[in-house]
Amino acid sequence: MTSTNDIRRSFLDYFGSSDHAEVASAPLVPFSDPTLMFVNAGMVPFKNAFTGLETPPAPRATSSQKCVRAGGKHNDLDNVGYTARHHTFFEMLGNFSFGDYFKEQAIDHAWTLLTKEWGLDPERLLVTVYHTDDEAFDLWKKRTGFADEKIIRIPTKDNFWAMGSDGPCGPCSEIFYDHGDHIWGGPPGSPEEDGDRFVEIWNLVFMQFTQENDEIVGDLPKPSIDTGMGIERVAAVMQGVHDNYDTDTFKALIGASESLTGVKAEGDNTASHRVIADHLRSTSFLLADGVLPSNEGRGYVLRRIMRRAMRHAHLLGAKDPLMHRLVPELVSEMGAAYPELVRGQPLIQEVLEREEVQFRRTLDKGLRLLDDATADMGEGGTLPGETAFKLYDTYGFPYDLTEDALRGRGIAVDKEGFDAAMAEQKAKAREAWKGSGEAANEEVWFDIAERAGSTEFTGYASTTGEAEVVAIVKDGAEVASAAEGEEVIILTNQTPFYGESGGQTGDAGRIWTPEGLEFAVETTNKPLGRLHTHVGKVGKGSVAVGDAVHLEIDAERRDRIRANHSATHLVHAALRDRLGDHVTQKGSLVSDDRFRFDFSHPKPMTEDDIAVVEAEVNAEIRANEQVSTRLMTPDDAVAAGALALFGEKYGDEVRVLSMGSKGEGGRNYSVELCGGTHVKATGDIGLFKIVSESAVSSGVRRIEALTGEAARAWLVARDEAVRAIASALKTSPDEAPQRVAALVDERKRLEKELAEAKRALALGGGGSGDAGPADEDIGGIAFSGQVIDGLNPKELRPLLDEAKTRMGSGIAAICAVNDGKAAFACAVTDDLTHRFSAVELVRAGVEALGGKGGGGRADMAQGGGPDGSKAQDALAAVREALARENA
Ligand code: SER
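Please read all numbers here as calculations on a predicted model, not as lab measurements.

### With respect to the overall build of the chain
A tally of regular secondary structure across the chain gives 22 helices and 35 strands. Rg of the C-alpha trace for the chain: 42 Å, well past the compact-globule value of 29 Å for 887 residues, more than 25% over. Among the 887 residues that make up the chain, the fraction classed as buried is 51%. The long-range share in the chain, meaning contacts at least 24 apart out of those at least 6 apart in sequence, stands at 68%.

And the structure:
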């Protein structure tokens, strides 16, 4: 028997040997496509290569692409378990030509592989072509020698393949396998075509056109080829079975669920085992690609699939959560081809188990409610929508789970009633919100969120993406479009732009279209905590609601933000290590050029504290350990030792960031709850430097720090400063600190000496001990007046005291001039204070110096003025005042 793994390998090798580059499967989440929920065909990752927007990886390529059809336009969920060929997850094998070869070679390759390499019996094969495609008809005829009736012309869209309403498209040709007349059904185009005898195994699309809104609007740059073969179908053919669920992979998965539940896949239980096997694949692959269960968007589709499977596990009587225990079997079947499954296994198991434990808490009660509500109903009955809504709202039953649960009994669900109950609940939430006092001008965001749902953030995994514009806001109101020069806010259904939150600044970048839009995103905000709003200006072209646009964040800026954000986590851990567990984060601001981190601590950090924290963080950076993210409930996360920010609101589930070296019990250096964007490994932070430590408020300190290139540039600038100092001192940078210290000491000594010299001078020449300057006699009063440049004003009083002693009876005045300004003081010996006031005399001098006032006592007063050049005038003013008083 040829295993599914062998078939995949053989397909890729066949095309590899004819110059097709083997391209790994793209992730299931199509960040590059706004219209798709999940990748649902092999060509999706190559869409832009076909239209010429991107350069293809090679002129020819081949891949085995993971696909999910659930939730979006193609939704196979309802049928899975009950048919032979419906899956939520499947693999599509394909070969692609980007303007290289076209119909003839595509047909030749397909025929050669199927009949020569794989040895399928040509008798069992037949093909279809688009009814007007004579060329394909003739090529098939020539290559296969088929009779005309085995090359069937089909006039419908079945043979004209389009990716969606917009994108590349073209006529196609499908290859069918005849499973034999023991199965009912007819060839395509016949009245019995819906039977299951003839099964399409390969679709060759002759990509030629592009369409918009389902209308062909032009030719592709070059005719191209896109083919898709469902591996599950071809495995059934090659393994001689009719039903995909009887192929090796599914048999192994169903076998595992049989043995874990102890229930055989027989009778009514068959569908449950099939649902479990299929849903195990889609949920595990979605989890491996980063989708996590939530109540909206892709996350909700995942949750619906999970819960559907979990109900079937319950139906089989599984006492304990089942799904996570099947993951090892899936990994052993498919892990070699898809290493992301192996890498993601712990996370997949953990999330599946947690979700199942959680759902089991309400599942029983919900099923009882459902039984009661339908007890009197027979086949053809309808469950009221309100009951379905209650099951959804209170017991976590996705709508389609309720439908599935009633399917076997032929009971329908009132969808309209369900929708109405849902709308009513939303209206109530809105009323409650209005009453909560949040800013009324935020109402526009509420309208948008209600209509378009939350913005899906794709930026943990990607820095670019495509999206649909769901709203444009200008001056607080919604508008339909915006033209060149307008400043508006653009909202899209998904975005790689991080909206400012949790201290992390919003992303900047551009939004553009091939039609000429250039929108510069200055920043991204996050109103209501769930809309990402791109704020900026239309630089060129125009944009309208409904447009498909490309989004591209400034990735280098984001890298700097990541490094800074991850560094806050390391610094938090280092501060706790060094200062103690009382340290908790009190706030942070992470931008692209620096970050700050506020934390509780009662006193300033010492130089040593700072040095140790810096060294510890840098050691973690150099250890370059991978950063891992896991999703947990807030309680589990805290129990696992994650640091939670006091006062932050967390939803159902939180991201837990583990970073740095492993310590006791395998716990990472830093474990924190965080929704921000982070480096892949700590080494990406590069370098860490604290540039300031200060107080924010009582008991709260703030560190400002730099990482990476900014830290390096800061250190280089410091180094240059030290070199400049060293060069001015004519020494080496290493010697500079001692030299500076020596210079400072020397300066102190010189200042002291200078002061002494000036004092000595004032006292009468060179400190020789001679008498002071000759006293004047003004009307019988001895007067001593001096101007001393550079005299420290503090010296005025002691000098005047000495003058008084020397004079015995008299009046002294000194003007000290420094930097052009003057300090002025007068002293009057006690015997004269009844006649002269030092205060009056100083005021006269100060006035001459261009100043005002002056104060002190009658025997000693001081003042000052701005104009030191008038020092002599000040003395003259005192002389005059003396003479006046004396007269
Ligand atoms: N795109 C085509 C399909 O999905 C062929 O790959 O069927």
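Let's pick the thread back up.
### Some remarks on the sheet that holds strand β29 (residues 700-707)
Spatially, the four strands line up as an open sheet ordered β23-β24-β29-β28, and their pairing is antiparallel. Here the strands that pair on one side only, and so sit at the sheet edges, are β23 (585-590) and β28 (688-697). In this sheet, neighbouring strand axes are inclined to one another by 20 degrees on average, regardless of whether the strands run parallel or antiparallel. Across the sheet, helix α18 (residues 708-728) lies against β28 and β29, angled at about 90 degrees from β29, the strand it touches most.

### A closer look at the site of the ligand
In the vicinity of the ligand, the residues found are A41, M43, M92, W161, N203, V205, D226, T227 and G228. In the model, an oxygen atom of the ligand is placed 3.2 Å from a nitrogen or oxygen of the T227 main chain. Here the ligand, which alone exposes 230 Å², has 94% of that area covered by the protein. Every element with two or more residues in the shell around the ligand is listed here: β8 (198-212) and β9 (215-230). For the shell around the ligand, the element with the highest residue contribution is β9, accounting for three residues. When grouped by side-chain class, the residues that make up the shell around the ligand number five nonpolar, three polar and one charged.

### Observations concerning the pairing of strand β2 (residues 60-68)
Among the nine residues of β2, nine are classified as buried, and the element is accordingly described as predominantly covered. Of the two faces of β2, the one carrying R60, T62, S64, K66 and V68 and the one carrying A61, S63, Q65 and C67 are both buried. Here strand β1 (residues 21-23) runs beside β2; their pairing, made up of three bridges, is parallel. The residue bridging A21 from the neighbouring strand is A61, located in β2. Across nine bridges, the pairing between β2 and strand β3 (residues 89-97) is antiparallel. In the strand pairing of β3, S64 is matched with L93.

### Considering the packing of aromatic side chains
Considering all chains together, one arrives at 26 aromatic pairs under this definition. A ring pair is formed by Y14 and F15, whose centres lie 4.9 Å apart and whose planes are at 90 degrees; its orientation type is edge-to-face. Assigned by exposure class, Y14 and F15 land together as buried. With 4.3 Å between their ring centres and 15 degrees between their planes, F89 and F285 make a pair best called stacked. With a gap of 196 residues between them, F89 in strand β3 and F285 in helix α7 (residues 269-288) connect regions that are remote in the sequence. F89 gets classed as buried once you look at its relative accessible area, which sits at 0%. Accessibility expressed as a relative area gives 0% for F285, which makes it buried. The rings of F11, Y14, F15, W118 and W202 are connected pair by pair, giving a single aromatic cluster.

### Description of the sheet that holds strand β34 (residues 855-857)
The six strands lie next to each other as β30-β31-β32-β33-β35-β34, forming an open sheet whose pairing is mixed. Pairing within the sheet leaves two strands with one partner each, and these edge strands are β30 (776-778) and β34. Taken pair by pair, the neighbouring strands of this sheet meet at an average axis angle of 20 degrees, ignoring direction. When strand β32 (residues 811-818) meets strand β33 (residues 821-828), the two strands line up antiparallel, connected through eight bridges. Of the residues in β33, the one forming a bridge with N818 is K821. Strand contacts of helix α20 (residues 796-807): β31 (781-789), β32, β33 and β35 (860-865), with the helix running at about 155 degrees to β32, the strand carrying the most contacts. Packing against the sheet, helix α21 (residues 838-848) makes contact with β32, β33, β34 and β35, and its axis sits at approximately 155 degrees to β33.

### Digging into the packing of helix α9 (residues 323-334) against helix α10 (residues 339-374)
Across the interface, α9 lies against α10 with an axial gap of 8 Å and an inter-helix angle of 160 degrees. When the axis of α9 is compared with that of α10, the two are roughly antiparallel. For the pair α9 and α10, the crossing hand works out as right-handed. Here α9 contributes M323, H324, V327, P328, L330, V331 and M334 to the contact with α10, which in turn contributes L341, V342, Q345, I348, Q349, L352, E353 and E356. Considering only residue class, the contact of α9 with α10 consists of 10 nonpolar, three polar and two charged.

### Examining the pattern of salt bridges
It is possible for side chains of opposite charge to pair when their charged atoms get near one another. One pass over the full model with this rule turns up 51 salt bridges. The shortest N-O distance in the salt bridge between R560 and D592 comes to 3.1 Å. Of this pair, R560 sits in helix α15 (residues 555-579) while D592 sits in the loop between β23 and β24 (595-600), and the two are 32 residues apart along the sequence. Across the pair K804 and D859 runs a salt bridge whose closest N-O atoms are separated by 3.7 Å. Taken as a pair, K804 in helix α20 and D859 in the loop between β34 and β35 lie far apart in primary sequence, 55 residues in all. Each of R9, D13 and E22 takes part in salt bridges that share partners, so that together they form one network.

### A few points about the nonpolar core
Grouped together as the largest cluster of nonpolar side chains are 62 residues, with contacts concentrated most on L280, L286, L352 and F397. If you list the elements that add at least two residues to this core, you get α6 (248-261), α7, α8 (297-315), α9, α10, α11 (385-395), α12 (399-407) and α13 (415-435). Counting residues per element, this core draws most heavily on α10, at nine residues. Not counting chain neighbours up to four residues away, the residues in contact with F397 comprise F359, T362, L363, G366, L367, L391, Y392 and T402.

### Looking at the UniProt feature "binding site: Zn(2+)" (unreviewed entry) in the chain
UniProt annotation of "binding site: Zn(2+)" (unreviewed entry) refers to H565, H569, C674 and H678 when read in the numbering used here. The greatest C-alpha distance among the annotated residues, which extend across 114 residues, is 9.9 Å, indicating that they converge on a single site. For H569, the location among the structural elements is in helix α15. Judged by relative accessible area, which is 3%, H569 ranks as buried. If near-sequence neighbours (up to four positions away) are discounted, H569 is found in contact with L657, M659, S670, E672, C674 and H678.

### Comments concerning a negative patch on the surface
A cluster of acidic side chains, namely D166, E212, D214, E215 and E515, defines a negative patch on the protein surface. Judged by its relative accessible area of 66%, E515 falls in the exposed class.

### Comments concerning the pairing of β32
Most of β32 sits inside the fold, with seven of its eight residues counted as buried. Here seven bridges tie β31 to β32, and the two strands are oriented parallel to one another. Its bridge partner lying in β32, S784 is registered against A812. In this view, the connection linking β31 to its parallel neighbour β32 by way of α20 has right-handed handedness.

### Points about α21
For α21, the complete set of buried residues consists of A838, V839, L841, V842, G845 and V846. Down the axis of α21, the buried set is contained in an arc of 160 degrees. They therefore lie on one face. Of the exposed residues in α21, those oriented more than 90 degrees away from the buried face are E840 and E847. Against the buried residues of α21 lie β32, β33, β34, β35 and α22 (871-886). Among the residues of α21, the N-terminal cap falls to S837, whose side-chain oxygen and the backbone nitrogen of V839 are separated by 3.1 Å. At the exit of α21 stands G850, carrying a positive phi of roughly 80 degrees.

### Focus on the packing of α21 against α22
Closest axis-to-axis distance for the α21/α22 pair is 8 Å, and the angle between their directions is 140 degrees. Between α21 and α22, the crossing angle belongs to the class labelled oblique. Between α21 and α22 the crossing geometry is right-handed. Contacts between α21 and α22 involve L841, A844, G845 and A848 on the former and, on the latter, D873, A874, A877, V878, A881 and L882. Looking at the contact of α21 with α22, its residues break down into eight nonpolar, one polar and one charged.

Scoring rules and cut-offs
Residues numbered from 1 in each chain as written. Predicted model: local features only at pLDDT ≥ 70, side-chain atom pairs only at ≥ 80, totals over all residues. Heavy atoms only, no water. Helix = DSSP H or I, 4+ residues; strand = E, 2+ residues; numbered from the N terminus. Rg over C-alpha atoms; globule rule 2.2 N^0.38 Å. Buried < 20%, exposed > 50% of the residue type's maximum accessible area, 1.4 Å probe, protein only. Contact = heavy atoms within 4.5 Å. Pairing = 2+ DSSP bridges. Axes fitted to C-alpha atoms, helices over the stretch in contact; angles between N-to-C directions. Near = heavy atom within 4 Å. Polar contact = N/O pair within 3.5 Å; in protein donor to acceptor, adjacent residues only side chain to side chain. Areas by Shrake-Rupley, 256 points an atom, 1.4 Å probe, with all protein chains shown as cover. Nonpolar A, V, L, I, M, F, W, Y, C, P; charged D, E, K, R; others polar. Phe/Tyr/Trp six-rings, centres within 6.5 Å; stacked < 30°, edge-to-face > 60°. Parallel < 35°, antiparallel > 145°, perpendicular 65-115°, else oblique. Left-handed = near helix turned anticlockwise from the far one by under 90°. Salt bridge = Lys/Arg side-chain N within 4 Å of Asp/Glu carboxyl O. Core = buried A, V, L, I, M, F, W, Y, C linked by side-chain atoms within 4.5 Å. UniProt positions renumbered as here; feature names shortened; annotations may be inferred. Patch = residues over 30% accessible without salt bridge, like charges linked within 9 Å, V, L, I, M, F, W, Y side chains within 5 Å. Lys, Arg positive; Asp, Glu negative; His and termini not counted. Charge placed at Lys NZ, Arg CZ, Asp CG, Glu CD. Right-handed = clockwise from strand over helix to strand, strands pointing away. Arc of directions from axis to C-beta.

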